[in-house]
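What the coordinates show
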Protein chains: 2
Amino acid sequence: MPYTPPRSSQPPADFALNLSPPPGSPHNRTELTPVSFLTRAALIAPNKLAISHPERGYQFTYAQWAARVLSLTFAIQSVPGFKAGDRVAVICPNAPLIADAHFGILAAGGIITPVNVRNTPKEVEYVLQHSGSTIILVDHQLTHLVPSPPPSGVAVVVSNDSGGQDPNDPYEAFLDRGYQAWQAAEEVQRKRGLGLSRSGWRLITTPTSEELPCALCYTSGTTGRPKGVITTHRGSYLAAIAGAFEAQFAADTVYLWVLPMFHACGWTYPWGVTAAMATHVTIRKVDNDVIWDALLNHGVTHYTGAPTVQIGITNHPKARKLDRIVKVSVAASAPTAALLAKMESLNLHPVHVYGATETYGPFTRRYSEPHWVDLDVDERARLMARQGHSFLVADECRVVRPVDPSRPEHSELVDVAQDGKEAGEIVMRGNIAMKEYYKDPAATSKIVINGWLHLGDIAVRHPGGEIQIMDRGKDIIISGGENISSLAVEQELAAHPDILECCVVARPHEKWGERGQAYIVLNAEGAKKHGKAAPGTREHEALVADLKKHCKSRMSGFAVPEWFDIVDELPKTSTGKVQKNVLRAKFAAAAKL
Amino acid sequence: MPYTPPRSSQPPADFALNLSPPPGSPHNRTELTPVSFLTRAALIAPNKLAISHPERGYQFTYAQWAARVLSLTFAIQSVPGFKAGDRVAVICPNAPLIADAHFGILAAGGIITPVNVRNTPKEVEYVLQHSGSTIILVDHQLTHLVPSPPPSGVAVVVSNDSGGQDPNDPYEAFLDRGYQAWQAAEEVQRKRGLGLSRSGWRLITTPTSEELPCALCYTSGTTGRPKGVITTHRGSYLAAIAGAFEAQFAADTVYLWVLPMFHACGWTYPWGVTAAMATHVTIRKVDNDVIWDALLNHGVTHYTGAPTVQIGITNHPKARKLDRIVKVSVAASAPTAALLAKMESLNLHPVHVYGATETYGPFTRRYSEPHWVDLDVDERARLMARQGHSFLVADECRVVRPVDPSRPEHSELVDVAQDGKEAGEIVMRGNIAMKEYYKDPAATSKIVINGWLHLGDIAVRHPGGEIQIMDRGKDIIISGGENISSLAVEQELAAHPDILECCVVARPHEKWGERGQAYIVLNAEGAKKHGKAAPGTREHEALVADLKKHCKSRMSGFAVPEWFDIVDELPKTSTGKVQKNVLRAKFAAAAKL
């Protein structure tokens, strides 16, 4: 039986598809809001496939999706007690619900609060409590993350992710209530004789100010409590356009949702892909089998993921060279030479980007340079590892030191030399810098100093002006007075033919203060050669000698790691970042014994 | 001898390339200004060819251009008496001077006032006087347009368009004075120990508000005095990004400047092409020989021009099929089927856009639809003739009538049915609607009514929501109570195989009030068949009979023009629009006799 969307998701024949300006708005100003990307796409390309959800066998055109989101908007506004500025939490994998939420919550005047679904129930409870969310939209497989019973006054709506195919799906019933409220609102206007002019999306107004918050995203918080990053309609709109422009999203783009949408609002791509009137393909689980199915059969042109995700994808049995170039945004770290070569052999073309939840996702991009075509893959990987330059709409990303280091918060900032050597702190500002940490002025004042956002990363600037992160401030290894960039050591180490992934952290050393401790995951070939290479064995000794030799030929002696452990995998956050704090904690714990 | 730019156009080794925020700016807001596109391009792609001027044999990389524009910025600020908000007039063909001006004047805090170089000296005098321009930048071949002597207190700078190759070029001397002021400003900061942090472009701050005016463009004014359209930094920034996104400008784009930059600030493309870090190719004269040279040898990927310009290009002896697709934005009217076929045969792919100086250039675009590939060229031309939908960043373009036609200025607007039949007035609003007519509140209040911009065009809306202009309000032919769209008649008439161009205007008719009068320019084949077809001759009679028959098969009887004149050419404005007012004036003059 062909899929028929429920009535809440069926566009009326005359569907007004534009937000209304608030009464009295000047003719030459529209408050920027990413919601407008959806109404525009539905107006221009109503029959275009907007969102496809192959695991559950349903999909929506832009007109259908716009009707559905409008139903959601009215449903949220109809929740008793709901008012503008309220936080609405979403606990959902990459299913249409969380895509709906990126538009419907904002259109209703709420603030979307996406929850990291890999958090523990306790962590989720903290986020729900701290955000003061008054509505929770939750996927049926994640209801265990919602406190039971829910806090008083909080409405919980469960989605069975049926797209309306399941008559008992509570989310669909919620949408249907919204649909009825929408129809009732139209009826009032129809009686006034205004017809199309005050129907559909025209019943919704743009925010009274583009500077109003629209999202509250909690950082994964490698240390301490997660912090809530507040972003605005203006920033989200501009970041989305920049993302679409930089990735060259167009109407024929098919974006595969590998990156979790709960992570920094999916880098604003739920809005950016929509701005381009392109197609979203959602997958509930980052499953390499599902990903290859989409790459081979669904015409995917773009996706996003950390190198660790790429390793899984490129090593999957179904991997084969695609008949078109797929552009892959890679963040967290750059692809190693081996990974870069592997990806290119499959027609997956990585672009290295860098940013944070505090910068709406990517802030910089490593732009390729004309002479790269003449370089070998090793050299290209080395150049690509730099973080590069700011995105369109982003201000310049500076690397600075305070004029007076004794009073950094009162001191003017001086740029480091563009020599690839002098290290300083990365600072950013401008339209895609977050507004603040929610209800946490102390944390805000630690990161926002004198009009600049200080992410805490240590970097150099190259003669071409591109920045390169040496390390997160806390990841620097300080050995005999020398600063060692763990990232730089990893980059060189990863070029070894037997290594799949590696990580280097500081470990206390009697003589030098600190020295590098490397953790190595071998690739298939390496494993065949060296087996498990357990400590104390001959295999291990030979392997370590070989790795040290490899490092010595590529870095200063003091930077060569002192210790090497061969491990099966590295501990990672939900977004694929290696948890160096977990690895470092071992030594801290050992020191306490 | 290879070309060496003068010192004012040589970037320093450590070139700070970002505008400074005004002191005390919040960390999460940068006032939008299109100047930032240039500094960003120079930072990321310093050695990229930014602007090439083949007729005079010079060109600049982005780093050189950014140095040159910074010299211009300081030069303008150093003119005695110059202050923020002053208007700076530019009288220049498409040479680098006017491209420089689009950045340097804004960076200096001035308002660029581009002058239509096809205006008469008297018209230019009016624009200079009305704008109150305090500085005039003028190309050496256009000095006759500057009043002699110039008004007291007005500085006139002549450019020999030498790019510094002519030691006596006054513009270069002006830039050099700016360069010295820049160096002096840096010296002051160097003494404070701030080095790179307060050097180069960092000496310049973004505007204190993005809502400040940045351009004053005079409309060509088919009737009455030209009106000065004020646009803002915010609108220009957003329009430029939208233009770049819609045209898919990228780093490998080569934009050929066929469209005059003095026309609505070149549709904001001086900024949009730069935002994409693409290459500008400037040509002083719209010469089809020069254009074909650029198309065949300079790797041009994009250009812009009215159908009348396209006719000249496609019929040039050098025309041949290009080895790549060149995207051509076509405005003023849509290409006819014959022109569309001709263009496509040469790999020139037109995109039909619609807008006005009052909307920063294009506001809508005819997006192609998937089923067009199956249509013949006649049908595609007919569909392409619609004006389509709003650009990214533009609000929806509505077609409306007032609820109460007796009090239109106090009445709510009602949308017409989306049936392709009910006619109404086009209204727009939002971030790419002009701010106002300069010093003309009466004219402003005629076009800005109740928060909406009324351009005066009559349109219908099709079931897909796309708008189609029936006519400029004054071009409608009212015959026996029927409204005839002169544009629609022209569209059908132009499909006749003997016709190159045509135009239909209202002519008084005893019985019907008005009837259509057609003016026909024959193509080569038509001329061969029919000769001059002078009135009263047998050839004329036969041709008219044939044309009437052609029309009758394609439109209602009352719409078929009553009179047909064969002419050598149609009167046109400098931007290629047919001057229907000139043609209509004939009958008005005749009526007065």
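Since this is a predicted model, take the numbers as computed values, not measurements.

Notes on the interface of chain A and chain B
Taken residue by residue, the interface counts 45 residues in chain A and 45 residues in chain B. Mapped by element, the contributors of at least two residues to the side of chain A that touches chain B are α1 (35-44), α6 (233-246), β17 (413-415) and β21 (452-461) of chain A. Per-class residue counts for the side of chain A that touches chain B are 21 nonpolar, 16 polar and 8 charged.

Brief notes about the sheet that holds strand β12 (residues 326-330) of chain A
All names here are of chain A. Strand order in the open sheet formed by 9 strands is β2-β1-β10-β9-β11-β12-β13-β14-β15, and the pairing between neighbours is mixed. Where the open sheet ends on each side, the last strands, each with one partner, are β2 (58-61) and β15 (389-390). Bridge count for strand β13 (residues 348-356) against strand β14 (residues 361-365) is 4 bridges, and the pairing is antiparallel. Following the sheet pairing, Val-353 is matched in β14 by Arg-365.

As for the relation of the copies chain A and chain B
Of the transformation placing chain A onto chain B, the axial shift is 0.0 Å and the rotation is 180°, giving an RMSD of 0.1 Å. The superposition of one copy onto the other is thereby described by a two-fold rotation axis. The position closest to the rotation axis in chain A is occupied by the C-alpha of A:Phe245, lying 3.2 Å away. Here 100% of the contact residues of chain A are again contact residues in chain B; the copies associate through an equivalent surface.

Observations concerning the packing of helix α11 (residues 337-345) of chain A against helix α12 (residues 377-384) of chain A
All names here are of chain A. Across the interface, α11 lies against α12 with an axial gap of 8 Å and an inter-helix angle of 110°. One finds that α11 runs roughly perpendicular with respect to α12. In this structure, α11 uses Ala-337, Leu-340 and Ala-341 to contact α12, whose residues at the interface are Val-377, Asp-378, Arg-380, Ala-381 and Met-384. Here the residues of the contact of α11 with α12 are counted per class, giving 6 nonpolar, no polar and 2 charged.

Here we look at the nonpolar core
A:Ile91 and B:Ile91 are the most contacted members of the largest nonpolar core, which has 370 residues in total. Not counting the four nearest positions on each side in its chain, A:Ile91 is found in contact with A:Val115, A:Val117, A:Val124, A:Ile136, A:Val138, A:Asp139, A:Leu142, A:Leu145 and A:Val146.

Digging into the domain arrangement of chain A
What the domain assignment reports for chain A is domain 1 (7-267), domain 2 (305-473) and domain 3 (477-592). Here the C-alpha centre of domain 3 of chain A lies 44 Å away from the C-alpha centre of domain 1 of chain A.

Some details on helix α16 (residues 538-552) of chain B
Residue and element names in this part refer to chain B. Taking 1.5 Å as the rise per residue, α16 with 15 residues should run 21 Å; its terminal C-alpha atoms sit 21 Å apart, in good agreement. Taken residue by residue, α16 has Leu-543, Leu-547 and Cys-551 as its buried positions. For α16, the angular spread of the buried residues around the axis is 75°, confining them to a single face. Residues of α16 that are exposed and point over 90 degrees away from its buried face: Arg-538, Glu-541, Ala-545, Lys-549 and Lys-552. Where α16 is buried, its residues touch α14 (486-493), α15 (524-530) and β27 (563-566).

Criteria and thresholds
- Residues numbered from 1 in each chain as written.
- Chains lettered and ligands numbered in written order.
- Predicted model: local features only at pLDDT ≥ 70, side-chain atom pairs only at ≥ 80, totals over all residues.
- Contact = placed C-beta atoms within 7 Å.
- Helix = DSSP H or I, 4+ residues; strand = E, 2+ residues; numbered from the N terminus.
- Nonpolar A, V, L, I, M, F, W, Y, C, P; charged D, E, K, R; others polar.
- Pairing = 2+ DSSP bridges.
- Least-squares fit on C-alpha atoms with pLDDT ≥ 70 in both.
- Axes fitted to C-alpha atoms, helices over the stretch in contact; angles between N-to-C directions.
- Parallel < 35°, antiparallel > 145°, perpendicular 65-115°, else oblique.
- Core = buried A, V, L, I, M, F, W, Y, C linked by C-beta atoms within 7 Å.
- Buried ≥ 20, exposed ≤ 12 C-beta atoms within 10 Å, placed from the backbone.
- Domains from an automatic or database assignment.
- Expected span 1.5 Å × (residues − 1).
- Arc of directions from axis to C-beta.

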